[in-house]
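The primary structure of each chain is shown beneath.
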Amino acid sequence: MKRTFTLFLTSIMTIFIIAGCSAGATTADPVSHAKSQLDIPVFTPTYLPEGFTLNASDSYFINGSLFLSYQSEDGEKAVDIYVDHNNVRDVNEHIYKYINDDFDEELEINLEPYQKIGTFVGKLTRKDKFLVLNFQFIPERFVEEETTAHYVIKSKGLSEQQFKQIISTLSE
């Protein structure tokens, strides 16, 4: 009886270890996992300021959403990227209208935050008090497709010039 119980416990622990390793494999490289699961492009920066690295413990792919967190060595600066496959946002509709010059005057939408950076079109917002820049965007080529994909990149502690440089280097 004791031997059967020990064998049972060993089997259960082995299953948990294997399951844990499998789960860890999908979170160890969330970008590759997302690219294999999503039917939309996943963009990552080819340029980051010196000293920035991917913070693996804060980066994940789950339920069709990818979140990547890059941080400076001192932890004072950060760049976060968010990709959501099925998340229709008002900003996407406004991007289409901005690109097609199809804004309704009565809506009084402020066009100032909408702009093109590299091959992406979106809404750039600033929170100067916190040194935060946020760009909700889609690839310009998606304008014709009216995608439901939603992309966001956010920075903390970077200049607008550095932020735009990172955005312009996003690639599949």
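Our subject is the structure that appears above.
A few points on the structure. None of these values were measured; they are calculated from a predicted model.

So, on to the overall build of the protein chain. Along the protein chain, the regular secondary structure elements total four helices and ten strands. In sequence order, the secondary structure elements of the protein chain are arranged as α-α-β-β-β-β-β-α-β-β-β-β-α-β. A burial count over the protein chain gives 40% of its 172 residues as buried. Counting contacts in the protein chain only where the partners sit at least 6 residues apart, residues at least 24 apart contribute 51% of the total. Of the roughly 10,600 Å² of accessible surface on the protein chain, 51% is carried by carbon and sulfur atoms.

This part is about the pairing of strand S6 (residues 114-117). Along any regular strand the residues' side chains alternate between the sheet's two faces. Inspection of the sheet shows S6 paired to strand S7 (residues 120-127) by four bridges, in the antiparallel sense. Its bridge partner being in S7, tyrosine 114 is matched across the sheet by lysine 123. In this antiparallel pair of consecutive strands, S6 and S7, the connection spans two residues, and glycine 118 shows a positive phi of 60 degrees.

Once that is clear, we can look at unusual backbone geometry. What you tend to see is this: most non-glycine residues have negative phi, and most peptide bonds are trans. Of note, the phi angle at asparagine 63 is positive, near 50 degrees, even though the residue is not glycine. Note that asparagine 63 resides in the loop between strand S3 (60-62) and strand S4 (65-71). Positive phi values are uncommon outside glycine, yet leucine 131 reaches one of about 55 degrees. Secondary-structure assignment places leucine 131 in the loop between S7 and strand S8 (132-139). Among the residues examined, leucine 131 registers a relative accessible area of 53% and is labelled exposed.

Let us now look at the pattern of salt bridges. If you walk through the whole model with that rule in mind, you get four salt bridges. Note that glutamate 172 is salt-bridged to arginine 141, the shortest N-O span being 2.8 Å. You can see glutamate 172 sitting in the segment after strand S10 (170-171) and its partner arginine 141 sitting in the loop between S8 and strand S9 (150-156), a full 31 residues away along the chain. Each of Arg126, Glu160 and Lys164 takes part in a single network of salt bridges with overlapping partners.

Time to look at the side chain of aspartate 84. Following the sequence through the fold, aspartate 84 ends up in strand S5 (residues 78-84). Apart from residues lying up to four places away in sequence, aspartate 84 is in contact with Ile40, Gly64, Ser65, Thr148, Ala149 and His150.

Here the focus is the nonpolar core. Counting 31 residues, the largest nonpolar core has Phe135, Tyr151, Ile153, Ile167 and Leu170 as the members making the most contacts within it. Of all the secondary-structure elements, those providing two or more residues to this core are helix H2 (30-37), S4, S5, S7, S8, S9 and helix H4 (160-168). Those residues in contact with phenylalanine 135 that sit more than four places away from it in its chain are Gln115, Ile117, Phe120, Val121, Gly122, Lys123, Leu124, Tyr151, Val152, Ile153, Phe163 and Ile167.

Turning to H2, a few remarks are in order. Buried within H2 we find Pro30, Val31 and Ala34. Along the axis of H2, the buried residues cluster in a sector spanning 100 degrees; they form a single face.

Conventions and cut-offs
Residues numbered from 1 in each chain as written. Predicted model: local features only at pLDDT ≥ 70, side-chain atom pairs only at ≥ 80, totals over all residues. Heavy atoms only, no water. Helix = DSSP H or I, 4+ residues; strand = E, 2+ residues; numbered from the N terminus. Buried < 20%, exposed > 50% of the residue type's maximum accessible area, 1.4 Å probe, protein only. Contact = heavy atoms within 4.5 Å. Areas by Shrake-Rupley, 256 points an atom, 1.4 Å probe, with all protein chains shown as cover. Pairing = 2+ DSSP bridges. Salt bridge = Lys/Arg side-chain N within 4 Å of Asp/Glu carboxyl O. Core = buried A, V, L, I, M, F, W, Y, C linked by side-chain atoms within 4.5 Å. Arc of directions from axis to C-beta.

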